[in-house]
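Fold and geometry: a report
Spelled out from the first residue to the last, the chains are:
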Amino acid sequence: MVFLLLSVQSITTVGFLQLFKFLNLIKFRDYNQEEAKKWLPITVFLVAMIYTGSKALQFLPIPVYTIFKNMTIIFIAYGEVLWFGGNVTPMMMVSFGLMTLSSIIAGGNDVSMALGSIFQPYTSSGDINTSITMLGYFWMCFNCVSSAAFVLYMRKRIKLTNFKDFDTVYYNNLLSIPLLIVPSLLLEDWSNENLLINFPPGQRKVRIWAMIFSGASAFGMSYASAWCVRTTSSTTYSMVGSLNKLPIAVSGIVFFGDPATFSNITAIFTGFVAGIVYSFAKAYPSVFLGSRPNSPSVSSASSQSYSDANKYDEKSREP
């Protein structure tokens, strides 16, 4: 019941925001109908990204799914070129390629099996496997489009509306509540049998508190995501989303007994190299563009966004 869990997370996040505002710990804009209408497409893209991702995972192996998610970074990077006038340097493309290569190395067997299901002879079982795989790629393509649209349009709307970070968190989570509850009621199994499976009597309280705790974590993630998109760029935000899988992979080997195979170690190392290359490309764009460091031609989307954020922070915060 993914949509139910996400609904609880959004409700918990909005609850934390209202509590902190009541205690005068934070400030954010009050709900405005016109602003909500303009922000609604972002929330629709967010829900579409979640749903299509869950559907793609039903038909595709996780490594194949990860490869497509990493390739989405390239779409986002060129989307920033079109919308924000950024640059995609050759070194950035190298980092994108290394990140995708890291996923391919980690899931080599799953990738070869997924490709084999497409090109195998058309037997009766082959037709079924091919149809299932192609259905997974269909959902994956929609997931890539919705993911790129969500990140790019959110940054565009932040720049146009001068939203602060808590404003973004508030509208993202508040507007997503009905868009998550309705699919949960329509698509998920709310029968007594399924509720007993998901919330067994002996663990019911523990699981409910775990969902609330995940909502508290989602509050921190929402704020960090809004801050990252506002002060850096959509591409950097997406790259971080790929890089944060690497410490998880390392912790799995160190703490949870995952096998430390040659392919796993190579994939993790390649991913870290991709992060270093990307960081270097963003920090020293003039080295790869052959222009003066202060030249406007080398100003990336992230530097422009950082400049805009500084201008916004100099203005008085709205009550």
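Once a new chain begins, its residue numbering starts again from 1 and follows that chain's sequence as written. Only residues with pLDDT of at least 70 are given local features in this predicted model, and only at 80 or more are side-chain atom pairs given and counted; all residues enter the totals for whole chains, interfaces and linings. Each side-chain value is worked out from all heavy atoms of the structure, with water and hydrogens disregarded.

Per an unreviewed UniProt entry, the chain goes by GDP-mannose transporter and derives from Phycomyces blakesleeanus. UniProt positions are given in the numbering used here, feature names are shortened, and annotations may be inferred rather than shown by experiment. Note on the chain: under the UniProt heading Function (unreviewed entry), the record states "Involved in the import of GDP-mannose from the cytoplasm into the Golgi lumen." The Subunit (unreviewed entry) comment attached to the chain in UniProt states, word for word, "Homooligomer."

**As for the overall build of the chain**
When helices and strands are counted, the chain shows 14 helices and zero strands. Reading the helices (α) and strands (β) of the chain from amino to carboxyl end gives α-α-α-α-α-α-α-α-α-α-α-α-α-α. Relative to its 319 residues, the chain shows a buried fraction of 44%. Contact between two residues is taken to exist if any of their heavy atoms lie within 4.5 Å; hydrogens are not considered. Relative to all contacts within the chain whose residues are 6 or more apart in sequence, the contacts with residues 24 or more apart total 80%. Every accessible area reported is derived by Shrake-Rupley at a probe size of 1.4 Å, with residue values counting cover from the shown protein chains alone. Carbon and sulfur atoms provide 69% of the accessible area of the chain, an area that totals close to 17,200 Å². Working definition: helices are DSSP H or I runs of at least four residues, strands are E runs of at least two. Numbering for both runs from the N terminus. Note on exposure labels: buried denotes an accessible area under 20% of the residue type's maximum, exposed denotes more than 50%, and partly exposed covers the range between, all computed with a 1.4 Å probe on protein chains only.

**Comments concerning helix α7 (residues 165–187)**
A helix is expected to span 1.5 Å for every residue after the first. With 23 residues, α7 should cover 33 Å at 1.5 Å per step; its first-to-last C-alpha distance of 32 Å lies within 8% of that length. Residue I177 marks the point of greatest curvature in α7, where the axis turns by about 35 degrees; the proline P178 follows within four residues. What we call the bend at a residue is the angle made by axes fitted to the seven residues finishing there and the seven residues starting there.

**Here we look at the packing of aromatic side chains**
Note on aromatic contacts: the rings of Phe and Tyr and the six-membered ring of Trp form a pair at centre separations within 6.5 Å, being stacked when their planes are under 30 degrees apart, edge-to-face when over 60 apart, and tilted otherwise. Enumeration according to the criterion identifies 15 aromatic pairs in this entry. An angle of 35 degrees between the planes, with centres 5.8 Å apart, marks the rings of F16 and F20 as tilted. One end of the pair, F16, and the other, F20, are both in helix α1 (residues 2–22), four residues apart, so they sit about a helical turn from each other. Between F20 and F219, the ring centres sit 5.8 Å apart and the planes meet at 65 degrees, which makes this aromatic pair edge-to-face. Of the two residues, F20 sits in helix α1 while F219 sits in helix α9 (residues 204–231), which places them 199 residues apart along the sequence. Given a relative accessible area of 22%, F20 falls into the partly exposed group. Members of the aromatic cluster, connected to one another through ring pairs, are F28, Y31, W39, F163, Y170 and Y171. Ring-over charges, as used throughout, are those where CZ of Arg or NZ of Lys falls within 6 Å of the ring centre and within 35 degrees of the ring normal. A cation over an aromatic ring shows up here: K21 above the ring of F28, its NZ or CZ 4.5 Å from the ring centre.

**A look at the UniProt feature "transmembrane region" (unreviewed entry) in the chain**
This chain's UniProt record puts "transmembrane region" (unreviewed entry) on residues 6–26, 38–56, 62–84, 96–119, 131–153, 169–187, 207–229 and 262–281. The span residues 6–26 shows a helical share of 81% and a strand share of 0%, and its end C-alpha atoms are spaced 24 Å apart. Helix makes up 100% of residues 207–229 and strand makes up 0%, while its end C-alpha atoms are separated by 32 Å.

**Thoughts on the side chain of N173**
Structurally, N173 is set in helix α7. When sequence neighbours within four positions are dropped, the list of residues in contact with N173 reads S10, T13, V14 and S222.

**So, a nonpolar patch on the surface**
A contiguous nonpolar surface patch, about 680 Å² in accessible area, is contributed by I11, I181, V182, L185, L186, L187 and W190. The biggest single contributor to the nonpolar patch is α7, with five residues. Looking at where I11 falls in the secondary structure, it is placed in helix α1. In this structure I11 comes out as partly exposed when scored by relative accessible area, which is 44%. Grouping into patches uses exposed residues only, defined as over 30% relative accessible area, and leaves out salt-bridged ones; the cut-off is 9 Å for like charges and 5 Å for nonpolar side chains (Val, Leu, Ile, Met, Phe, Trp, Tyr). Salt bridge, as applied in this entry: a Lys or Arg side-chain nitrogen positioned within 4 Å of an Asp or Glu carboxyl oxygen.

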